[in-house]
Every structure is written in structure tokens, then in C-alpha cells.
Amino acid sequence: MLAYSIIEKKQAGKELSKDEIKFFVIGFLEKKIPAYQMSALLMAIYFKGLTEKETASFLDIVINSGKRIKFKKTDKYIVDKHSTGGVGDKISIILAPLLAATGKVKIPMISGRALGHTGGTLDKLESIPGFSTNMNIEQFKKQTNEIGCALIGQTDDICPADRELYALRDVTATVRSIPMICTSILSKKIAEGIEGLVMDVKTGNGAFIQEYNDSLKLAKKLKYFGENYGLKVKAVITDMSQPLGNKIGNWLEIEESLDVLKGNGPVDVKEVTLELAQESLLMENPTRNVNEIKKELNDLINSGAAFEKLKEIAKKQGADISFLDNPQKYKKAKYIQDITAKNTGYLHKVNSMQLGLDAIDLGAGRRTREDKIDPVSGIEIHKRIGDKIDRNDLIFRIHSNDKDAVKNIARKIESRLELLEETIAKKKLIVEKI
Ligand code: URA
């Protein structure tokens, strides 16, 4: 088989056979096919899509590029949550310990690194000093069985093909493809050995898939292919027309997650977390009363049990948990600049994707696969769509160790900022559940 001919075939919009996809994906994983040819195929898929049959083949090949974890049938339901990716999305960091703290479910969570304009759960966790997201399958299972949750990334054992493809999609502008997002997410989740999956499907200008109808299509595909593998899947479509919460950036998002786990933090982050946690617990026991679940979750936050669970997980994974107790002892960025309102009005629109890209320029993400992330850089957002803003109100705060980047990004953000006289309704966060 020739890689060149397969690229040409997809470029012409023709259906690839399972053997052709396998030749390409496994060839790339085994370094027989170079990244430039894989990138060309990814770009062809980006424009031409994958048929249902191709998507099923792709998914199967990526899952089988590694091992599939099997948990012993226990008394506890095995569930996980994953997001299709947004800006400021730190839900997993709060939800995983919160669910584990219920003692009713186990959460073996395999997450990704920053992708495109979005941050990654792994990069955020690794901004906690000492936190390791590397584990072999036996350690991963052991920790999940012992304390209810482990938070790791793909390994050589679990979906290595997704790890390599994910890193390449990240730097080749090929992430925004419904079948690629679907196979990337489901491969990891199926390989994890879970029984139930709650999907947070983002819609709006900070999501990879921005149009509502496309988000719905993605949600349905995730459900269809996930259920084909025997998973229970619930998809919750949530608004991403502005970043989630008030902070974008790795350590900044850990700080905000700690706030929520300590009973404070932004209401939108808490609302989405509780909704997804509630759906996870309903999978465990569909007959439960929703208000009773909500109360249980709120109690676990207010009593400190969810925060203690995060500390337990972090300690097991090598972290210095004194930073979780005292986040203020973390070093700050060298340069911090405020952007305040020059006039009065209502905030109608936030360019969330651009803010995600600005955060990368500040050092919070990678421009190339080899780049190192600066954990303290990022952006705080102090106003939300629909807020009334007065002159001199703080709207954004920019953090970075790169002085020029701060100046540059501050100028860009300021020039995009538009306040209008008319009021605008607040956005509904939970758009639909399927
Ligand atoms: N999350 C993933 O794991 N993969 C994607 O492609 C998008 C979000």
C-alpha cells in the first residue's frame, strides 16, 4: 500500500477501507509513516470527513493500538466524564474527586493535554508540583480500586495511537473534525474499561464544534458509537460562547478548581460540574431522586470531603499537597496587567477561541509539540456576557513571565472589547441533554 495513494483517495472524498486506515494509523505509530503524511491525511479527513463505516474502523484501530483495561465486576459502578473541549474547562478536576467522594462509583480517568486553543486536564494537573499523570495499567487499576479514582494520560499501553494523533492534530489545525473528535474521545474511554460515560459536548465560539446543529451531531455520534461498544452514554450539550469560570491557564485553573471544591468559585463552573456529576450518579442508579443527588453532592463539597479526596488522589500521584491547602504559596507570574473598561455598557460577546489562543501566546499552551508550558501564565475574566460594566471596572487580568507577550496580548484584548448600550440576556448554560 502507498501512503500517497491513500491520502489522494481521501482527498477525493472516497471511502477508505479498514486495511488502509490501519496501514496508515499503525504505520504512523510505528514511525513507518512520517508525520507530514499523517498530517496530510488528517487534513483530508478534516475537509472530507469519515463515513460511518470509516469512523467505526478508525475507532476500532485506535482502541486496539493498545490494551483494553478490564475491571473486575465489583459493587461499584465504573463511570467517567469527558469534554469535547472548551476554554477554561476545568470540570474534570473538580468532578472526578467529587464523584469518588460519594463512594458509589469509580472513576478511572484518562485525559488529554492541551489541544488547539483549549487547555488540557493533564497539563493543568501537572502544574501542581510533583503531580504525575504517568502510570502503568496495573498501578492505574490499583489506585482506582483503592481510592475510587486515578487521573492519567494515555500511555504506551492505552490508546498510544490517539496520543500520537492528538499531539499532531494539536499543531496542524486539524482538531475541528467531528469524526476525529468522536474517535479520539471514545477510544480512550472504551479502553479505560468503564461502564458509563457522561459527555460534556460544548457548543459556541470557544468550542471546536461551534454551531449548535454540529454539536448535536457530535453528541449523537458519541452516543451511537459509544453504545455500540456497550457503554451507557449521556451527552449534555453546554454553552461555550464564553470561557467557563473566571480563569484560563494551567495553575490558574487549578486555583479555581480548588475554590469550587472548597465551596466557593464561579457559579457556572459549579453548575456544569453538578449537572455532569448528577448524570453520572443517575447512571449508577437511575431510580434515584435528582434533588437527593444534588444535596449529596453539595454536602460533599460543603463538608470538605470532595477537597480531601482530591488531596488523597494528588498525594498518591506524587503531588506536594501543601500547594492545595495553600495555593497562595505558588509563585506568581512576573508580569500581571489589568484591562479595565474605558466606558460604560453591556458585554455582548466574548471571542473565547481567541482568548484561548491568547493564553497560548502568553505561555499557557504549546505552539509546537516540543514547547514547554508556563504553568502560571493565563487570563482572568472578571465579567460575563450580559453584565453591566462601569467605567474603570476590571474586565481582564493577564498573567505571564513574558513581558512582551503581556503587552501584546493586552493590546489585542483591549482592541476587541466592545460594550453596547442595550442589555442582553444571560446565556443558558445547560443547553440540552440526550
Ligand atoms: N478531547 C479529546 O480527547 N479528543 C479530542 O479530539 C477533543 C477533545
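Being a predicted model, the structure only gives us computed values, none of them experimental.

1. A short note on the domain arrangement of the chain
No. 1: Per the domain assignment, the segments making up the chain are domain 1 (3-49), domain 2 (77-325) and domain 3 (333-420).
No. 2: The centre of domain 1, based on its C-alpha atoms, is set 38 Å off from the matching centre of domain 3.

2. Focus on the nonpolar core
No. 1: Counting 78 residues, the largest nonpolar core has Ile107 and Ile379 as the members making the most contacts within it.
No. 2: Lining this core are residues from two domains, each supplying at least three of them: domain 2 (77-325) and domain 3 (333-420).
No. 3: Apart from residues lying up to four places away in sequence, Ile107 is in contact with Val79, Asp80, Ala96, Leu99, Ala100, Thr144, Gly148, Cys149 and Ala150.
No. 4: Ile69, Ile137, Phe208 and Val233 belong to the second largest nonpolar core, which has 39 residues in total.

3. Brief notes about the state of the cysteines
No. 1: In total, this model carries zero disulfides according to the counting rule given.
No. 2: Take Cys159: it sits in no disulfide, and the sulfur closest to it among the cysteines is that of Cys182, at 13 Å.
No. 3: Residue Cys182 is classed as buried on the basis of its relative accessible area, which comes to 0%.

4. Some words on the site of the ligand
No. 1: In the vicinity of the ligand, the contacting residues are His82, Ser83, Thr84, Leu115, Tyr166, Arg169, Ile181, Ser184, Ile185 and Lys188.
No. 2: In this structure, Ser184 approaches the ligand through a side-chain N or O atom, which is 2.7 Å from a nitrogen atom.
No. 3: Protein chains bury 96% of the 240 Å² of accessible surface belonging to the ligand in isolation.
No. 4: Elements supplying a minimum of two residues to the shell around the ligand: β1 (77-83), α8 (160-171) and α9 (178-191).
No. 5: Residues belonging to the shell around the ligand are distributed by class as follows: four nonpolar, four polar and two charged.

5. Things to note about the packing of aromatic side chains
Ring pairs (aromatic) are described by centroid distance and by the angle formed between their planes.
No. 1: Scanning the model with the defined rule gives four aromatic pairs in all.
No. 2: A centroid spacing of 5.1 Å and a plane angle of 85 degrees characterise the contact between Tyr46 and Phe47, whose relative ring orientation is edge-to-face.
No. 3: Taking the relative accessible area as the measure of exposure, Tyr46 reaches 28% and is therefore partly exposed.
No. 4: Ring plane angle 80 degrees and centroid distance 5.7 Å describe the contact between Phe323 and Tyr330, whose orientation is recorded as edge-to-face. When sorted by exposure, Phe323 lands in the same class as Tyr330, which is buried.

6. Looking at the sheet that holds strand β2 (residues 105-111)
No. 1: Reading across from one edge, β3-β2-β1-β4-β5-β13 is the order of the six strands in this open sheet, with mixed pairing throughout. Two strands bound the open sheet, and with one partner strand each, they are β3 (149-153) and β13 (430-433). Across the sheet, the mean angle separating the axes of adjacent strands is 20 degrees when strand polarity is ignored.
No. 2: Bridging between β1 and strand β4 (residues 196-203) involves five bridges; their strand directions are parallel. Bridged to Lys81 within β4 is Val198.
No. 3: Its contacts with the sheet put helix α5 (residues 91-102) on β1, β2 and β3, and the angle it makes with β2 is roughly 160 degrees.

7. Looking at the pattern of salt bridges
No. 1: Scanning the entire structure with this criterion turns up 40 salt bridges.
No. 2: Taking the shortest distance from any N to any O, the salt bridge between Glu146 and Lys142 comes out at 3.2 Å. Remark: Lys142 and Glu146 occur in helix α7 (residues 137-147); sequence separation between them is four residues, near one turn of the helix.
No. 3: Salt-bridge contacts for Asp200 lead to Lys202; the nearest nitrogen and oxygen are separated by 2.7 Å.
No. 4: Since its relative accessible area comes to 1%, Lys202 is described here as buried.
No. 5: A cluster of three or more residues bridged by salt bridges with shared partners is formed by Lys104, Arg288, Glu292 and Glu296.

8. What to know about the packing of α8 against α9
No. 1: Packing of α8 against α9 leaves a shortest axis separation of 10 Å and a crossing angle of 145 degrees. Crossing geometry of α8 relative to α9 is assigned as left-handed. Residue-level inspection shows Asp162, Tyr166 and Arg169 of α8 in contact with α9, the latter providing Met180, Ile181, Ser184, Ser187 and Lys188.

9. Let's talk about the sheet that holds strand β12 (residues 419-420)
Within a beta sheet, neighbouring strands are joined by backbone hydrogen bonds and run either parallel or antiparallel to one another.
No. 1: Spatial strand order, β10-β8-β12: three strands in an open sheet with antiparallel pairing. In the strand order of this sheet, the two ends are held by β10 (388-389) and β12, each with one partner.
No. 2: Both strand β8 (residues 345-347) and β10 contribute to a ladder of two bridges, which runs antiparallel. Residue pairing across strands places Gly345 opposite Ile389, the latter belonging to β10.

10. Some details on the pairing of β3
No. 1: Across the five residues that make up β3, a large majority, five, are buried.
No. 2: Bridge count for β2 against β3 is five bridges, and the pairing is parallel. Bridge pairing in β3 places Met109 opposite Leu151.

Conventions adopted
- Residues numbered from 1 in each chain as written.
- Predicted model: local features only at pLDDT ≥ 70, side-chain atom pairs only at ≥ 80, totals over all residues.
- Heavy atoms only, no water.
- Domains from an automatic or database assignment.
- Core = buried A, V, L, I, M, F, W, Y, C linked by side-chain atoms within 4.5 Å.
- Buried < 20%, exposed > 50% of the residue type's maximum accessible area, 1.4 Å probe, protein only.
- Contact = heavy atoms within 4.5 Å.
- Disulfide = S-S within 2.5 Å.
- Near = heavy atom within 4 Å.
- Polar contact = N/O pair within 3.5 Å; in protein donor to acceptor, adjacent residues only side chain to side chain.
- Areas by Shrake-Rupley, 256 points an atom, 1.4 Å probe, with all protein chains shown as cover.
- Helix = DSSP H or I, 4+ residues; strand = E, 2+ residues; numbered from the N terminus.
- Nonpolar A, V, L, I, M, F, W, Y, C, P; charged D, E, K, R; others polar.
- Phe/Tyr/Trp six-rings, centres within 6.5 Å; stacked < 30°, edge-to-face > 60°.
- Pairing = 2+ DSSP bridges.
- Axes fitted to C-alpha atoms, helices over the stretch in contact; angles between N-to-C directions.
- Salt bridge = Lys/Arg side-chain N within 4 Å of Asp/Glu carboxyl O.
- Left-handed = near helix turned anticlockwise from the far one by under 90°.

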